[in-house]
Amino acid sequence: MNFFQKELQIKPYPRGFHLITDIIIEGIPKIRDINIGQLQVFIKHTSASLTINENADYTVRTDFESHFNKMIPGNASYYKHTYEGSDDMPAHIKSSVLGSSVQIPITNGKLNMGIWQGIYLCEHRNYGGSRQLVVTAFGN
């Protein structure tokens with residue numbers, strides 16, 4: 001079994017849900033050398049997250065942002081952790097709800113995802129800055 005790992009720095013994105021599948025594939029070309037395996041993507045932040053969902057219609061990403069903002073509002077009176085602004089605590093909660101990693105099968109050198117699936121960077125801060133990902137591919 002072979003293991004390949006790389007840290008990728010992702011450019012800053014505005015608050016919202018952004019497709020990064022191609023960035024990840026380009027960032028770790030060793031995926032092509034794996035016939036059967038797994039790809040794990042982990043984000044090294046507590047105010048952004050990763051998920052897999054619709055990769056074709058951008059309105060899905062817009063609806064995700066709208067729904068999460070209603071479900072986990074900013075400026076809630078019960079938040080104590082507000083040192084970095086009104087988007088800070090909601091960003092941490094959203095990150096925990098969605099999670100910090102995704103795992104995708106690799107088959108014949110390609111990510112084995114559904115035709116309508118893509119990997120999202122979920123930026124929960126108004127000004128989150130660049131983000132660090134640890135991308136690990138392993139298999140035979």
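Coordinates for the structure precede this section.
Residues numbered from 1 in each chain as written. Predicted model: local features only at pLDDT ≥ 70, side-chain atom pairs only at ≥ 80, totals over all residues. Heavy atoms only, no water.

(A) Region of the structure containing the side chain of Ser-47. Along the chain, Ser-47 falls in the loop between strand E3 (36-43) and strand E4 (48-54). Looking at Ser-47, the relative accessible area reads 8%, which means it is buried. Among the polar contacts made by the side chain of Ser-47, one reaches the side chain of Arg-131 at a distance of 3.2 Å. Apart from residues no more than four positions distant in its own chain, Ser-47 is found in contact with Ala-91, His-92, Ser-95, Glu-123, His-124, Arg-125 and Arg-131. (Helix = DSSP H or I, 4+ residues; strand = E, 2+ residues; numbered from the N terminus. Buried < 20%, exposed > 50% of the residue type's maximum accessible area, 1.4 Å probe, protein only. Polar contact = N/O pair within 3.5 Å; in protein donor to acceptor, adjacent residues only side chain to side chain. Contact = heavy atoms within 4.5 Å.)

(B) Seen up close, the pattern of salt bridges. The tally for this structure, following the rule as stated, stands at seven salt bridges. The shortest N-O distance in the salt bridge between Glu-7 and Lys-44 comes to 3.3 Å. Pair noted here: Glu-7 is in strand E1 (residues 2-10) and Lys-44 is in the loop between E3 and E4, with a separation of 37 residues, a long-range link. By relative accessible area, Glu-7 is classed as partly exposed at 46%. Since its relative accessible area comes to 44%, Lys-44 is described here as partly exposed. (Salt bridge = Lys/Arg side-chain N within 4 Å of Asp/Glu carboxyl O.)

(C) Molecular detail of the packing of aromatic side chains. Taken as a whole, this structure holds seven aromatic pairs when the rule is applied. A ring pair is formed by Phe-3 and Phe-138, whose centres lie 5.4 Å apart and whose planes are at 20°; its orientation type is stacked. With Phe-3 in strand E1 and Phe-138 in strand E8 (residues 131-139), the pair connects residues that are 135 residues apart, well separated along the chain. Classification of Phe-3 as exposed rests on a relative accessible area of 57%. Measuring from ring centre to ring centre gives 5.1 Å for Tyr-78 and Tyr-79, while their planes differ by 70°; the resulting arrangement is edge-to-face. Tyr-78 gets classed as exposed once you look at its relative accessible area, which sits at 57%. Each member of the aromatic cluster is reached from another via a ring pair, and the members are Phe-17, Phe-64, Phe-68 and Tyr-120. (Phe/Tyr/Trp six-rings, centres within 6.5 Å; stacked < 30°, edge-to-face > 60°.)

(D) Region of the structure containing the sheet that holds E4. One open sheet accounts for three strands, arranged E2-E7-E4; its pairing is antiparallel. Only two strands of the sheet have a single neighbouring strand rather than two, namely strand E2 (16-19) and E4. Pairs of neighbouring strands in the sheet enclose a mean axial angle of 35°, with direction left out of account. Here E4 runs beside strand E7 (residues 117-123); their pairing, made up of seven bridges, is antiparallel. Among the inter-strand pairings, Asn-53 is bridged to a residue of E7, identified as Gly-118. Running over the sheet, helix H3 (residues 88-98) touches E2, E4 and E7 and is turned about 50° from E4. (Pairing = 2+ DSSP bridges. Axes fitted to C-alpha atoms, helices over the stretch in contact; angles between N-to-C directions.)

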